[in-house]
Amino acid sequence: MSPESVLPLIAFAAISTVTPGATTTLATASGAHFGFRRSLPFMVGVAIGLAGMAVAAAAGLAGLLLAMPSLEFAMKLAGSAYLLWLAIRIGRSGPPHLDRSIARPTSFAGALWIQLQNPKGWAMTLGAAASFGELARGAGELAALLGTVFGVLALLSLMLWCVAGLLLARLLTQAWQWRALNIALALALAASIATMWR
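Presented here is a report on the structure given in the accompanying data block. (Residues numbered from 1 in each chain as written. Predicted model: local features only at pLDDT ≥ 70, side-chain atom pairs only at ≥ 80, totals over all residues. Heavy atoms only, no water.)

Topic: the environment of Ala130
Inference 1: Relative to the elements of secondary structure, Ala130 occurs in helix α6 (residues 119–131).
Inference 2: Of the residues examined, Ala130 reaches a relative accessible area of 65% and is grouped as exposed.
Inference 3: Spatially, the C-alpha atoms of Ala130 and Ala58 are 8.2 Å apart, while their sequence positions differ by 72 residues. (Helix = DSSP H or I, 4+ residues; strand = E, 2+ residues; numbered from the N terminus. Buried < 20%, exposed > 50% of the residue type's maximum accessible area, 1.4 Å probe, protein only.)

Here we look at the pattern of salt bridges
Inference 1: Counted according to the given criterion, the structure contains one salt bridge.
Inference 2: In this structure, Arg137 engages Glu141 in a salt bridge whose closest nitrogen and oxygen atoms are separated by 3.1 Å.
Inference 3: Note on Arg137: relative accessible area 74%, which makes it exposed. (Salt bridge = Lys/Arg side-chain N within 4 Å of Asp/Glu carboxyl O.)

Some thoughts on helix α2 (residues 22–59)
Inference 1: For α2, with 38 residues, the first-to-last C-alpha span of 26 Å runs short of the 56 Å given by 1.5 Å per residue.
Inference 2: If you look at α2, its biggest bend is around 120°, right at Gly35.
Inference 3: Of all 38 residues in α2, 28 are buried, a share of seventy percent or more.
Inference 4: Once α2 finishes, Gly60 follows within two positions and takes phi at roughly 85°, a positive value. (Expected span 1.5 Å × (residues − 1). Bend = angle between axes of the 7 residues up to and from the residue.)

Remarks on the environment of Ala14
Inference 1: Assignment of secondary structure puts Ala14 in helix α1 (residues 3–18).
Inference 2: When its relative accessible area of 29% is taken as the criterion, Ala14 is described as partly exposed.

A few points about the packing of aromatic side chains
Inference 1: Scanning all chains against the criterion turns up two aromatic pairs.
Inference 2: With a centroid separation of 5.9 Å and 55° between ring planes, the pair formed by Phe12 and Phe132 is classed as tilted. Placement of Phe12 in helix α1 and of Phe132 in the loop between α6 and α7 (139–171) is noted, with a sequence separation of 120 residues between them.
Inference 3: Relative to Phe150, the ring of Phe12 lies with its centre 6.3 Å away and its plane at 85°, an arrangement referred to as edge-to-face. Remark: Phe150 occurs in helix α7 and Phe12 occurs in helix α1; sequence separation between them is 138 residues.
Inference 4: In this structure Phe150 comes out as buried when scored by relative accessible area, which is 0%.
Inference 5: In textbook terms, an aromatic cluster arises when at least three aromatic residues are bridged by ring pairs, as seen for Phe12, Phe132 and Phe150. (Phe/Tyr/Trp six-rings, centres within 6.5 Å; stacked < 30°, edge-to-face > 60°.)

Some points on the nonpolar core
Inference 1: One finds Leu9, Leu50, Ala128, Leu145, Leu146, Val149 and Phe150 to be the most contacted residues of the largest nonpolar core, which totals 25 residues.
Inference 2: Looking at this core, the elements that each hand over two or more residues are α1, α2, α6 and α7.
Inference 3: The biggest single contributor to this core is α7, with eight residues.
Inference 4: Counting 23 residues, the second largest nonpolar core, distinct from the first, contains Leu26, Ala27, Ala32 and Ile193. (Core = buried A, V, L, I, M, F, W, Y, C linked by side-chain atoms within 4.5 Å.)

See below:
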């Protein structure tokens, strides 16, 4: 496969991972509250989770979720509850230096869980496996290609959103501004739950 033949896949993954959703909202909030370095475990967890989903999609394992509606429903329910809990915590928090209700960012394991139950991630990776299967000579090569592309681009996208959160943190000087940002991020996160139930 030539580098040029992979460009459409890279474009697809870049657009898919940079669009707003639950993980990008959490990356923005984490950057604003905890900074870039403390947000790295979250961002790496999401990126590895998406890479794993891409590998599973290429191997055909994601079809199990589609074949077992009860498993998919349970994952959606648990994931929605967890995201709603995070949204409430974000919405109730104040400026990072005044409020300790969110003492630490979402962990690596928490980020993995968020990503692995994310229907948008499954849809992206399943779509990519179906659309770009001709780029590889077999399932193993396709899994490596999709895992690498989605993992790297998810990490870059989350870093971009995290830096946006850092920049917002520098612009906000009043407690009411932080309250407004936290409520907006909480509402965006809560709204992203609806996309899981389409």
